[in-house]
Amino acid sequence: MGNQSMAHSDQPLKEGNVHISAPHIYGSAIEALDLVPNSSTSFLNIGSGTGYISCIAAEILGPNSLNFGAQCNHWLQLKLYLSM
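Asks: What am I meant to see in helix 2 (residues 52-61) here?
Replies: Along an α-helix, residues three or four positions apart point the same way, because every turn accommodates 3.6 residues. Listing the buried residues of helix 2 in full gives Ile53, Ser54, Ala57 and Leu61. For helix 2, the buried positions fall inside an angular range of 100° around the axis, keeping them on one side. Opposite the buried face of helix 2, by more than 90 degrees, sit the exposed residues Cys55 and Glu59. On its buried side, helix 2 packs onto helix 1 (23-33), strand 3 (42-46) and strand 4 (66-70). Two residues or fewer after helix 2 comes Gly62, characterised by a positive phi angle close to 85°.

So, in structure tokens, the structure goes:
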């Protein structure tokens, strides 16, 4: 909860068991995936964590795609559920 001052820095953040990569990593990963906008592509993200990269992929792929994220860390699942 003490990471607000670092919210716009390009570095990873960690709070307990939750780890968010540096913002440039997400851009590099999405670029490397070479996703086709508005396609009917299936996207599976195993170890999806907060679901951040899944949301970016869904936005690019559009409404005709299938997007699944799987997270096995039950503590993280609960934390994310309670934060909604």
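Asks: It is not clear to me how the packing of aromatic side chains should be interpreted in this structure. Could you clarify?
Replies: The geometry of two aromatic rings is summed up by the distance between their centres and the angle between their planes. For the coordinates displayed, the defined rule picks out one aromatic pair. A centroid spacing of 4.7 Å and a plane angle of 70° characterise the contact between Tyr26 and Tyr52, whose relative ring orientation is edge-to-face. You can see Tyr26 sitting in helix 1 and its partner Tyr52 sitting in helix 2, a full 26 residues away along the chain. Owing to a relative accessible area of 13%, Tyr26 belongs among the buried residues under this scheme.

The rules we used
- Residues numbered from 1 in each chain as written.
- Predicted model: local features only at pLDDT ≥ 70, side-chain atom pairs only at ≥ 80, totals over all residues.
- Heavy atoms only, no water.
- Buried < 20%, exposed > 50% of the residue type's maximum accessible area, 1.4 Å probe, protein only.
- Helix = DSSP H or I, 4+ residues; strand = E, 2+ residues; numbered from the N terminus.
- Arc of directions from axis to C-beta.
- Contact = heavy atoms within 4.5 Å.
- Phe/Tyr/Trp six-rings, centres within 6.5 Å; stacked < 30°, edge-to-face > 60°.

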